[in-house]
6 protein chains.
Amino acid sequence: MSEQWQRPSGRAPDEMRPVQIEPGYTKYAEGSVLISVGDTRVLCNASVEERVPPFLQGQGQGWITAEYGMLPRSTGTRMRREASAGKQGGRTVEIQRLIGRALRAGVDLTRLGERTITVDCDVLQADGGTRTAAITGGFVALALAIRTLQRGGKLSDAPILHHVAATSVGVLDGHPILDLEYCEDSIAETDMNLVMTDDSRFIEVQGTAEGAPFSRDELDAMLALGALGIAELIALQKAVLEAAA
Amino acid sequence: MSEQWQRPSGRAPDEMRPVQIEPGYTKYAEGSVLISVGDTRVLCNASVEERVPPFLQGQGQGWITAEYGMLPRSTGTRMRREASAGKQGGRTVEIQRLIGRALRAGVDLTRLGERTITVDCDVLQADGGTRTAAITGGFVALALAIRTLQRGGKLSDAPILHHVAATSVGVLDGHPILDLEYCEDSIAETDMNLVMTDDSRFIEVQGTAEGAPFSRDELDAMLALGALGIAELIALQKAVLEAAA
Amino acid sequence: MSEQWQRPSGRAPDEMRPVQIEPGYTKYAEGSVLISVGDTRVLCNASVEERVPPFLQGQGQGWITAEYGMLPRSTGTRMRREASAGKQGGRTVEIQRLIGRALRAGVDLTRLGERTITVDCDVLQADGGTRTAAITGGFVALALAIRTLQRGGKLSDAPILHHVAATSVGVLDGHPILDLEYCEDSIAETDMNLVMTDDSRFIEVQGTAEGAPFSRDELDAMLALGALGIAELIALQKAVLEAAA
Amino acid sequence: MSEQWQRPSGRAPDEMRPVQIEPGYTKYAEGSVLISVGDTRVLCNASVEERVPPFLQGQGQGWITAEYGMLPRSTGTRMRREASAGKQGGRTVEIQRLIGRALRAGVDLTRLGERTITVDCDVLQADGGTRTAAITGGFVALALAIRTLQRGGKLSDAPILHHVAATSVGVLDGHPILDLEYCEDSIAETDMNLVMTDDSRFIEVQGTAEGAPFSRDELDAMLALGALGIAELIALQKAVLEAAA
Amino acid sequence: MSEQWQRPSGRAPDEMRPVQIEPGYTKYAEGSVLISVGDTRVLCNASVEERVPPFLQGQGQGWITAEYGMLPRSTGTRMRREASAGKQGGRTVEIQRLIGRALRAGVDLTRLGERTITVDCDVLQADGGTRTAAITGGFVALALAIRTLQRGGKLSDAPILHHVAATSVGVLDGHPILDLEYCEDSIAETDMNLVMTDDSRFIEVQGTAEGAPFSRDELDAMLALGALGIAELIALQKAVLEAAA
Amino acid sequence: MSEQWQRPSGRAPDEMRPVQIEPGYTKYAEGSVLISVGDTRVLCNASVEERVPPFLQGQGQGWITAEYGMLPRSTGTRMRREASAGKQGGRTVEIQRLIGRALRAGVDLTRLGERTITVDCDVLQADGGTRTAAITGGFVALALAIRTLQRGGKLSDAPILHHVAATSVGVLDGHPILDLEYCEDSIAETDMNLVMTDDSRFIEVQGTAEGAPFSRDELDAMLALGALGIAELIALQKAVLEAAA
């Protein structure tokens, strides 16, 4: 009976949407990537600045930070432009803090030198999973920017410690599923974002019961699905970086 | 050897700080509580308004929201007052969204009627774990406000579905520990906030690797410690509410 | 006939509410006091920073400033949180400027050294007279912070020139009264805040006709009542500081 | 000996600067006045709107409010434009609240009808006493706007209860003086603003010790000087209004 | 000799960069276009809302407005994100007002019905001429949104009056040139933006002497070049709209 | 027939309003002018500061910038005060950028030395053409401030390159007219602002079709009228500066 259940998207419970990572999408950024996860499209640009924020000055280490934004009509209904509203909303702030933490966890900041890499993640089109797409794509943009520094002779050490990627998992009608798109995300009981490394350890686990609380069994099933999806994403990241070398 | 390891606080790995919940701390709020978790002190005031936000109007349900603030000198070094800075910082926004989600998860909003309960959580003194103390204390303030509505004849149904409480767990020097105070929190490798119900299900799981990524085994150990602590907190919530009846 | 008239509070015209000043209310601030004037409760924390604002740099003197805030549910109806509104209201700004001026008037800033003491006055519960309670309690917090500096060997001179305390007086139904609580303040014809020293001189006289203008006779009667009340408050300040020594 | 003491301005202690009130300075406002007090020049425009603020709707009364601003180069050193700084400073807010309260005290708001009169007081040139000049000139602008309403047949009753005018007094080198200009104001020990009616009663008494606290005797001397000056100002207001009739 | 002079871009003085207009770039907007003018790329999304701004309510006509933004790394050096800065800069505001005026000039607003079309123009990559590209592309997005309304049966009349397109012209080393890219724009003596219709009339003429003032002869030469370029752009707009039909 | 057509103002098509430029209007500014163009009155104050903005530091040149504001009741209906609204509107920003560019175009900034001149243009009364009046009057204020610098021995070179003045032209009922006042401006089909030098070259040409697009012939007619008016304004500027010498 359970196998008769169908995800709204028609995908298998452990099936991700098609993912594409297009390097070099813009010409100015030290690292630039357009990532598509199904219809979700996020432009990730990594910019290098040769200075660190005040709280790090003189400590011989670098910094990585992220900013996130959605274009007003990246969604079904036009949202107010945050620049015009005069501030970034709570959701935006929360997401960009998450992206920044996730990217920093993959890098040895002391090997980066006294510089800052800012990864701008701008959503051109949103269909669920924009924050995890931003982390997965943003990591490639970051790696490309680091490569630019290395090729420019500004960096001798390799500061990357782990590959970092992210996906979402959830529970819908009692079924654990991988990589929720909007039509699923909006009705799921539980939504969880996972950020993991290439050695299957966790950087972030953020699960929220939107409807009923979730049990330990459901949590375990989601963690297993997530590990699967992230392994696929990291394989793709590596292939893209190798091809772009 | 491992048993020789000492937490900076001197507590056992699974030992919480002393917790007190003092109901009726202020006289105006429909529900008011001062919660102390060790030296962390949060004043939680629940206010009832007989209307709902625009996005819920005419839908026959209520709303619960939270706001969070820290007094400027609740911390070791004075922080800038957010009202004077002209906006709430990213951390504040993130925390108050978490508290609001956590409290809503314990209540059937359709049984609340078309009204809003706002739970203000103001930190008088911070020594680690202010957001989880705010959730644990805020839930009692919310329950007291609902009781005020019931005694005033404005509510016949009991809208509370589950007790909700929260605590933090972490990994420090490779050891999983429960209820981190500031001197521990500031050096832990991993910090995880758990929000759970009285039937041991999860409302929020928010784990972040501050240093090294954490393994599945460490995750499991933290979840076990957290369940333990939250059971204690919910027992205290129930005792306080009964005594205040 | 006049003796038959009753204040709404039931107190005698020259009778203050019970006042308590509890030193050491929080553990981080260099000087901390919770002052209660009847049901009005204000937490006053004095913080020392070893620098002065730009306009005083290099002039060999210190600075004292104050900030004032009300918790959203310190009042009968919940007020909007100023941090969330994005700015401090006019009343807040006016009050914190008054508190700062009043506290500075009691101290020889040249003997304070090049440092700033910020006195945060946060109203936990408001029942009239919050600004005068903030001055009276804030002065004790300031004195405790100065004592902390002296004990730390950072200050040899005694910078305090006068004790400073404040109270409100008013005219209600034509009767001058001392220390108005909310049920009186909200209907008084005239409301006057007085800040005075321990040698009965004036630092601030702020009288406002809320209804009819007030005569010179009424002004004189209010000034006399205020001097009485402030003498009591300064006696209490001195007792508290001595007991805490 | 005392008669040898000279005010910095060269005026006698009880001598005001020359005052001019020029009605009809701009053509759009319902009431418009340029007031000069010595070199202090304030443009006061009273605007009528046929509605009241939300908190007064349906209560059958009107409202009077004021706004205050200084042109950036009205002072010796250019100040930052508040519109460009993004907010009104604390001093501005405090002053415009004072002007509003003072003007309202002269008018029976129930006889004004459900309309708002906003009095904009913009300082073209500042040489001390801008807030009291704004009140004195603003009252004439307000009276002219009320006359416009009466001539337009929109108001039958006469809503003005008292003439309202204001001046500053102070203590300098121990000498009480009337109407301080900038070179005096900036060095006075005490600065007091008085707002009074044409029957010599008080609307506002705002005295501040800038240096040493002031005694009861000094307070009495300042009150006497102020009453003198305000009587002159009210005589001028009446003459201007009669001439403009 | 003059023919020996070379534009920095290597183009002929009257030669535009290659222009592409890609309709349907995003899936949600009622009209969506990605326009590329050389390396300048602007995403133009037109959104329909079934209401008009307050100042037009009940007047039986529609409204067209535009918003403009640059992604932080659309330029050679990363710019601060306006949403994070808390406001739109002066240049942004000026440009989006220009785009809005230009688009409105091509449409009969009374035939649009009581609805608003907002055209968001977001610069993905900037290489000179972003505002004129936004107008040229934005007009196609607008026309597509109007077509969506017509096909949905919500609009019977054809509200478009003229095609509207824009380009820049300038004077560099004394030579009038068409369609300046960044390496030209940044050193030109004069920069002029022209917005014109398909019957060669003017909607906007905005010429600015960046260096030396320009003569009437130079003005005439620039106007002629601009008319040429705009005719080409309008031909392309028409071809794109026909192909997309 | 055409000669029967009447401008709403009653003036001839090429007739300007009476213009007056009153130097020394305020006493503090290094250059101060009140300009009246008909009923439009703008106070222009030029302030000198001995430093340049960060982007010019160490480059051995000066800077000229402008700010623009309208008093709330400078117009027929009271506008909201921008300082109270918390930001400058789009129109204000656009205008002050235009004034700044126009004034800079008349001056050799390298001969100004490392200092900034800020020209504040505050509209006391608005009747059309405030931005062009601000440029024409602002240039005289600027020239007076430069003279103050020269007389103070701080400037040996003469940094002024050209006189700069501005006027508006338009098309109304098909007729080109010079210097539009409000009753004309509000109904004109086309509105164009011209900024020119004393050798008849252009600094800014800003023409906007408010109704129908305008033809090349209309553009030529407007340019001719504008050149005429600006020549008159520059003659007046020179006369005023000579008389004030």
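Residues numbered from 1 in each chain as written. Chains lettered and ligands numbered in written order. Predicted model: local features only at pLDDT ≥ 70, side-chain atom pairs only at ≥ 80, totals over all residues. Heavy atoms only, no water.

Between chain E and chain A, the contact holds 38 residues from the first and 38 residues from the second. Roughly 3,100 Å² is buried in total at the junction of chain E and chain A, and carbon and sulfur atoms are behind 45% of that figure. Among the residues of chain E in contact with chain A, Tyr28, Arg73 and Arg81 of chain E are the three that bury the most area, contributing 25% of the side total. For the pair chain E and chain A, the interface holds 16 salt bridges. Here Lys27 of chain E ties to Asp127 of chain A by a salt bridge, and the two come within 3.7 Å at their closest N and O atoms. If you list the elements that add at least two residues to the side of chain E that touches chain A, you get strand E3 (40-49), strand E4 (63-70), helix H1 (82-85) and strand E5 (116-125) of chain E. Partitioning the side of chain E that touches chain A into residue classes produces 13 nonpolar, twelve polar and 13 charged. (Contact = heavy atoms within 4.5 Å. Buried area = accessible area lost by both parts, 1.4 Å probe. Salt bridge = Lys/Arg side-chain N within 4 Å of Asp/Glu carboxyl O. Helix = DSSP H or I, 4+ residues; strand = E, 2+ residues; numbered from the N terminus. Nonpolar A, V, L, I, M, F, W, Y, C, P; charged D, E, K, R; others polar.)

Two elements in contact, helix H2 (residues 90-104) of chain A and helix H2 (residues 90-104) of chain B, have axes whose closest approach is 9 Å; the angle formed by their N-to-C orientations is 110°. For the element pair H2 of chain A / H2 of chain B, the angle class is roughly perpendicular. In this structure, H2 of chain A contributes Gly90, Arg91, Val93, Glu94, Arg97 and Arg101 of chain A to the contact, and H2 of chain B contributes Gly90, Arg91, Val93, Glu94, Arg97 and Arg101 of chain B. Its residues placed into classes, the contact of H2 of chain A with H2 of chain B shows two nonpolar, two polar and eight charged. (Axes fitted to C-alpha atoms, helices over the stretch in contact; angles between N-to-C directions. Parallel < 35°, antiparallel > 145°, perpendicular 65-115°, else oblique.)

A full pass over the atoms with the stated rule returns twelve aromatic pairs over all chains. For the ring pair Phe214 of chain A and Phe202 of chain B, a centre distance of 5.6 Å and an interplane angle of 25° mean the geometry is stacked. With Phe214 of chain A in the loop between strand E9 (202-209) and helix H5 (216-243) and Phe202 of chain B in strand E9 (residues 202-209), the pair connects residues from two separate chains. We note that Phe214 of chain A, like Phe202 of chain B, is buried. The interplanar angle of 85° and the centroid separation of 5.2 Å between the aromatic rings of Phe55 of chain F and Trp63 of chain F together place this pair among those described as edge-to-face. A cation over a ring is seen here: Arg41 of chain A above Tyr25 of chain E, with NZ or CZ 5.0 Å from the ring centre. (Phe/Tyr/Trp six-rings, centres within 6.5 Å; stacked < 30°, edge-to-face > 60°. Buried < 20%, exposed > 50% of the residue type's maximum accessible area, 1.4 Å probe, protein only. Lys NZ or Arg CZ within 6 Å of the ring centre and 35° of its normal.)

In total, this model carries 132 salt bridges over all chains according to the counting rule given. A salt bridge links Glu94 of chain F to Arg97 of chain E; the shortest N-O distance between them is 2.7 Å. A residue pair is termed interchain when its members come from two chains, as with Glu94 of chain F in helix H2 (residues 90-104) and Arg97 of chain E in helix H2 (residues 90-104). Given a relative accessible area of 11%, Glu94 of chain F falls into the buried group.

What follows covers the sheet that holds strand E8 (residues 190-197) of chain E. An order of E7(E)-E6(E)-E8(E)-E9(E)-E9(F)-E8(F)-E6(F)-E7(F) is seen for the eight strands of this open sheet, with the pairing classed as antiparallel. Single-partner strands in this sheet number two, and they are strand E7 (175-178) of chain E together with strand E7 (175-178) of chain F. Strand-to-strand twist in this sheet, taken as the mean axis angle between neighbours without regard to direction, amounts to 15°. Of the strands in this sheet, strand E9 (202-209) of chain E together with strand E6 (164-172), strand E8 (190-197) and strand E9 (202-209) of chain F are in contact with H2 of chain F, which crosses E9 of chain F at around 150°. The strands touched by helix H3 (residues 130-151) of chain F within the sheet are E6 and E8 of chain F, with E6 of chain F carrying the most contacts at an inclination of about 160°. (Pairing = 2+ DSSP bridges.)

Time to look at the packing of H2 of chain F against H3 of chain F. Helix-helix packing: each pair is described by the crossing angle between the helix axes and the interaxial distance. Residues and elements named next belong to chain F. Taken N-terminus to C-terminus, the directions of H2 and H3 make an angle of 40°; their axes are 10 Å apart at the nearest point. Our classification of the angle between H2 and H3 gives oblique. The hand of the H2/H3 crossing is right-handed. For the pair H2 and H3, the contacting residues are Arg91, Ile95, Leu98, Ile99, Ala102 and Leu103 in the first and Thr130, Arg131, Ala134, Ile135, Gly138, Phe139 and Leu142 in the second. For the contact of H2 with H3, the residue count by class is nine nonpolar, two polar and two charged. (Left-handed = near helix turned anticlockwise from the far one by under 90°.)

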